[in-house]
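Structural description and commentary
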Amino acid sequence: MVRGVDGYYNVLKVIEELKDETNITIAYTVNPWNSREDYLHVLEITKKYNLNLETVIYDDVKLFNTEFVGDRLLYDVSDLMDNGLNRKFILLYKKWLEGLRIPCLSIRVNTYVMPNGDVRLCHGTDVVLGNLYERSFDEIWRSRETRKILKLYTNCNKCYGHCHRMFDLGVLEKTKFLPKFILKRLWGDFEYELLFESTGRRK
């Protein structure tokens, strides 16, 4: 099933037809409606056709009007993954459920534009920065109000959305050798030691 639609054989057909023409990435979402066995099957397919595999965790986000069903602590697949940022994203999920705070840095470079012209802060909140029918994107993005909102929501830790957290962890991974006082000045008072311990910071 892909987004609730049984298109399994159509997906395989597309892979067969395009595998030699371009690089293909399969995005697998760990969620309450599939299982570790499903992941193993998809992993087998990616190895057979030499595809890339990106692993995502289901999150109930306002943008998609979804609600989480069942226990948020889903099955673990980190032992089946190669070392890298995607594996760290999966490994940190349980710690996030237990209260680990991660600065939200992605909102400084990503935004969402809705069909009605609303420029949304992110997919996890109802915050609207402005509307393109009223002001240009540059006016909205560079405004004092937007800067204040971005600073305020750096402390937001409500979602574990892949498009946000992978970016956040990527920035933290690249800056992990900076002194802690600089990190705190940049992004606030977060549990950097625990984050870096989980992402392989050297002593």
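Residues numbered from 1 in each chain as written. Predicted model: local features only at pLDDT ≥ 70, side-chain atom pairs only at ≥ 80, totals over all residues. Heavy atoms only, no water.

1. Brief notes about the overall build of the chain
Each helix and strand counted, the chain has eight helices and five strands in total. When the helices and strands of the chain are placed in sequence order, the string is α-β-α-β-α-β-β-β-α-α-α-α-α. Counting every atom, the chain has about 12800 Å² of accessible surface; 51% of that belongs to carbon and sulfur. (Helix = DSSP H or I, 4+ residues; strand = E, 2+ residues; numbered from the N terminus. Areas by Shrake-Rupley, 256 points an atom, 1.4 Å probe, with all protein chains shown as cover.)

2. Overview of the layout of surface pockets
Reported here for the second largest pocket is a volume of approximately 310 Å³. Lining of the second largest pocket is provided by 17 residues; of these, Leu43, Leu53, Leu80, Met81 and Asp82 occupy positions nearest its centre. Counting residues per element, the ones that place at least two in the lining of the second largest pocket are helix H2 (36–49), strand E2 (52–57) and helix H3 (85–97). Per element, the largest residue contribution to the lining of the second largest pocket is four residues, and it comes from H2. (1 Å grid on protein atoms, 1.4 Å probe; cavity = no way out; pocket = protein on both sides within 12 Å on 5 of 7 lines; lining within 4 Å. Points joined across faces, edges and corners; volume = space filled by probe spheres on them.)

3. What to know about the packing of H3 against helix H6 (residues 162–175)
Orientation of H3 relative to H6, taken along the N-to-C sense of each, is 105°, at an axis distance of 10 Å. It follows from the interaxial angle that H3 and H6 lie roughly perpendicular. Contact with H3, carried on its side by Leu85, Asn86, Lys88, Phe89, Leu92 and Trp96, involves His162, Arg165, Met166, Leu169, Gly170 and Glu173 of H6 and no other residues of that element. Counted by class, the contact of H3 with H6 contains six nonpolar, three polar and three charged residues. (Axes fitted to C-alpha atoms, helices over the stretch in contact; angles between N-to-C directions. Parallel < 35°, antiparallel > 145°, perpendicular 65-115°, else oblique. Contact = heavy atoms within 4.5 Å. Nonpolar A, V, L, I, M, F, W, Y, C, P; charged D, E, K, R; others polar.)

4. Looking at the sheet that holds strand E5 (residues 128–131)
Strand pairs in the sheet, formed through backbone hydrogen bonds, run parallel or antiparallel to each other. Taken together, three strands build an open sheet; the order of strands is E3-E4-E5 and the sheet is antiparallel. Each edge of the open sheet carries a strand with a single partner, namely strand E3 (112–113) and E5. Sheet topology note: the strand E4 (residues 118–120)/E5 ladder contains three bridges and is antiparallel. If you follow Val119 over to E5, its bridge partner there is Gly130. (Pairing = 2+ DSSP bridges.)

5. Topic: a nonpolar patch on the surface
Together, Val113, Leu132 and Phe137 line one region of the surface with nonpolar side chains, adding up to about 230 Å² of accessible area. Take Leu132: it is sitting in the loop between E5 and helix H4 (137–141). (Patch = residues over 30% accessible without salt bridge, like charges linked within 9 Å, V, L, I, M, F, W, Y side chains within 5 Å. Salt bridge = Lys/Arg side-chain N within 4 Å of Asp/Glu carboxyl O.)

6. Details of the pattern of salt bridges
A complete count under the given rule lists eight salt bridges for this structure. Of the charged contacts in the structure, one is a salt bridge between Glu173 and Lys88, with a shortest N-O distance of 3.2 Å. Taken together, the positions of Glu173 in helix H6 and Lys88 in helix H3 put the pair 85 residues apart, joining distant regions of the chain.

7. Points about the packing of helix H1 (residues 8–18) against H2
The description of two helices packed together rests on the angle between their axes and the distance between the axes. Orientation of H1 relative to H2, taken along the N-to-C sense of each, is 20°, at an axis distance of 11 Å. Between H1 and H2, the crossing angle belongs to the class labelled roughly parallel. Considering the relative orientation of H1 and H2, their crossing is right-handed. Side by side, H1 and H2 meet where Tyr8, Leu12, Ile15 and Glu16 of the first sit next to His41, Ile45 and Tyr49 of the second. Broken down by class, the residue content of the contact of H1 with H2 amounts to five nonpolar, one polar and one charged. (Left-handed = near helix turned anticlockwise from the far one by under 90°.)

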